[in-house]
Amino acid sequence: MRITYPTAIVLFVVSRGVCYGFDIMDATGLQSGTVYPILRRLEDAGMVRSKWEAEATARNEQRPPRRYYSITGPGLRAAKDAADRFHGLTAAFGAAGTPVRA
């Protein structure tokens, strides 16, 4: 899979624990029309995995269920390789695999 700069940004924020689509958009500054296709390609390539939250949780919060993403081993390696290629990523987002602290 070709790792473009936007793809590398998405990999980085997912590797840091940002796992919900809207939060990924907020963290990256990318639009939904960019983020969701990237997430689909990353999932198809085995770099991220996703799972839907329980419907009961969403229903209790009166909203649709959310899909949460997590980085895989190959995705973490790709994020680290992207840091070598795109030097500004680490400065902007920290080291790949470093969890975001709320």
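Whatever comes next refers back to the structure up there.
Residues numbered from 1 in each chain as written. Predicted model: local features only at pLDDT ≥ 70, side-chain atom pairs only at ≥ 80, totals over all residues. Heavy atoms only, no water.

**Here we look at the nonpolar core**
Thinking step 1. By size, the foremost hydrophobic cluster in this structure holds 26 residues, and its most contacted members are Val-10, Leu-11 and Ile-24.
Thinking step 2. Looking at this core, the elements with two or more residues in it are α1 (5–15), α2 (21–28), α3 (32–44), β2 (67–71) and α5 (73–85).
Thinking step 3. Considering each element in turn, this core owes the most residues, seven residues, to α1.
Thinking step 4. Once residues within four sequence positions are removed from consideration, Leu-11 is found in contact with Ile-3, Leu-42, Met-47, Val-48, Ile-71, Gly-75, Ala-78 and Ala-79. (Core = buried A, V, L, I, M, F, W, Y, C linked by side-chain atoms within 4.5 Å. Buried < 20%, exposed > 50% of the residue type's maximum accessible area, 1.4 Å probe, protein only. Helix = DSSP H or I, 4+ residues; strand = E, 2+ residues; numbered from the N terminus. Contact = heavy atoms within 4.5 Å.)

**A closer look at the pattern of salt bridges**
Thinking step 1. Using the criterion set out here, one finds three salt bridges in the structure.
Thinking step 2. With a shortest N-O distance of 3.2 Å, Glu-43 and Arg-67 are connected by a salt bridge. A residue pair is termed long-range when its members are at least 10 positions apart, and Glu-43 in helix α3 and Arg-67 in strand β2 qualify at 24 residues.
Thinking step 3. A residue is classified by how much of its surface remains accessible, and Arg-67, at 29% relative accessible area, is partly exposed.
Thinking step 4. With its nearest N and O atoms 2.3 Å apart, the salt bridge here joins Arg-63 to Glu-53. (Salt bridge = Lys/Arg side-chain N within 4 Å of Asp/Glu carboxyl O.)

**Notes on the side chain of Thr-7**
Thinking step 1. Along the chain, the position of Thr-7 falls in helix α1.
Thinking step 2. Exposure remark for Thr-7: the relative accessible area of 2% places this residue in the buried category.
Thinking step 3. Ignoring anything within four residues of it in the chain, the contact list for Thr-7 reads Met-1, Ile-38, Arg-41 and Leu-42.

**Remarks on the packing of α1 against α5**
Thinking step 1. Between α1 and α5, whose axes approach to 9 Å, the crossing angle comes to 125°. On the basis of the axis angle, α1 is oblique to α5. Considering how the two elements wind past one another, α1 and α5 form a crossing that is left-handed. For the pair α1 and α5, the contacting residues are Ala-8, Leu-11, Phe-12 and Ser-15 in the first and Gly-75, Leu-76, Ala-78, Ala-79, Ala-82 and Ala-83 in the second. (Axes fitted to C-alpha atoms, helices over the stretch in contact; angles between N-to-C directions. Parallel < 35°, antiparallel > 145°, perpendicular 65-115°, else oblique. Left-handed = near helix turned anticlockwise from the far one by under 90°.)

**Description of the packing of aromatic side chains**
Thinking step 1. In total, this model carries three aromatic pairs according to the counting rule given.
Thinking step 2. Judged by centre distance (5.9 Å) and plane angle (45°), the rings of Tyr-20 and Tyr-68 are tilted. Highlighted residues: Tyr-20 in the loop between α1 and α2 and Tyr-68 in strand β2, separated in sequence by 48 residues.
Thinking step 3. With a relative accessible area of 14%, Tyr-20 lands in the buried category.
Thinking step 4. Cluster of aromatic residues (ring-pair linked, three or more members): Tyr-20, Phe-22 and Tyr-68. (Phe/Tyr/Trp six-rings, centres within 6.5 Å; stacked < 30°, edge-to-face > 60°.)

**Quick notes on the environment of Ala-82**
Thinking step 1. Relative to the assigned elements, Ala-82 resides in helix α5.
Thinking step 2. Ala-82 sits in the buried class, given a relative accessible area of 4%.
Thinking step 3. It is 8.9 Å that separates the C-alpha atoms of Ala-82 and Ile-9, two residues lying 73 residues apart in sequence.

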